[in-house]
Amino acid sequence: MPVIRPEQAVAHEAHGARFLVHAAPATGARTLRAWRLEISEGVRGVAHTISHEEVFHLLAGAVTVSIDGDEAALAPGDTAVAPAGSALRIDNPGPGPAAVWVTTTAGLSAELPDGTTIRPPWAA
């Protein structure tokens, strides 16, 4: 049985955030991907359009999630679901850092406003 301890999570840094990957092919996950997203206070996320549905569960701190221009402030315990094809941005207005548990399916990609497509290695 694969058990991934916090210290075993693979870290990636991008757009002012830290992605601690727990569920990925390297850890035995076949169809789901999951990571802890850590966002420092004051970070405004990068807008992008997602290819797959994503679920965001706020563990600590405060974030504002924008899905297709509709913004919602999340408190710990709140969950937001972004449908495939939606425009997404996550901001941390503070105070303090925020931690979000993110789940999606394998193969997630994101298109930036300039047309660049990103294929995060943790979501392959």
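Right above here is the structure, for reference.
Residues numbered from 1 in each chain as written. Predicted model: local features only at pLDDT ≥ 70, side-chain atom pairs only at ≥ 80, totals over all residues. Heavy atoms only, no water.

A. Quick peek at the sheet that holds strand β12 (residues 117–118). As summarised here, the arrangement of the six strands in space is β7-β6-β9-β4-β11-β12, forming an open sheet in which the pairing is antiparallel. The sheet terminates laterally at β7 (70–74) and β12, the two strands that pair on one side only. Here two bridges tie strand β4 (residues 48–50) to strand β9 (residues 87–91), and the two strands are oriented antiparallel to one another. Bridge pairing in β9 links H48 to L88. (Pairing = 2+ DSSP bridges. Helix = DSSP H or I, 4+ residues; strand = E, 2+ residues; numbered from the N terminus.)

B. Region of interest: the packing of aromatic side chains. Here the structure, examined in full by the defined rule, presents two aromatic pairs. Here F19 and W122 contribute two aromatic rings whose centre-to-centre distance is 4.3 Å and whose plane-to-plane angle is 25 degrees, an arrangement assigned as stacked. Taken as a pair, F19 in strand β2 (residues 17–23) and W122 in the segment after β12 lie far apart in primary sequence, 103 residues in all. We note that F19, like W122, is buried. Residues W35 and W122 carry aromatic rings whose centres are separated by 6.3 Å and whose planes lie at 70 degrees to one another, so their mutual orientation is edge-to-face. With W35 in strand β3 (residues 32–39) and W122 in the segment after β12, the pair connects residues that are 87 residues apart, well separated along the chain. Grouping aromatic residues by their ring pairs yields a cluster made of F19, W35 and W122. (Phe/Tyr/Trp six-rings, centres within 6.5 Å; stacked < 30°, edge-to-face > 60°. Buried < 20%, exposed > 50% of the residue type's maximum accessible area, 1.4 Å probe, protein only.)

C. Quick peek at the environment of A24. As for its placement among the helices and strands, A24 is situated in the loop between β2 and β3. Classification of A24 by relative accessible area gives buried; the value is 9%. In this structure A24 touches A29, R33 and W122, once residues within four positions along its chain are discounted. (Contact = heavy atoms within 4.5 Å.)

D. Expanded view of the nonpolar core. W35, L37, V63, V65, L88 and I90 are the most contacted members of the largest nonpolar core, which has 25 residues in total. Among the secondary structure elements, those contributing two or more residues to this core are β2, β3, β5 (54–60), β6 (63–67), β8 (79–82), β9 and β10 (98–105). Apart from the residues within four sequence positions on either side, L88 is in contact with V46, A47, H48, I50, E54, F56, V65, S66, I67 and A82. (Core = buried A, V, L, I, M, F, W, Y, C linked by side-chain atoms within 4.5 Å.)

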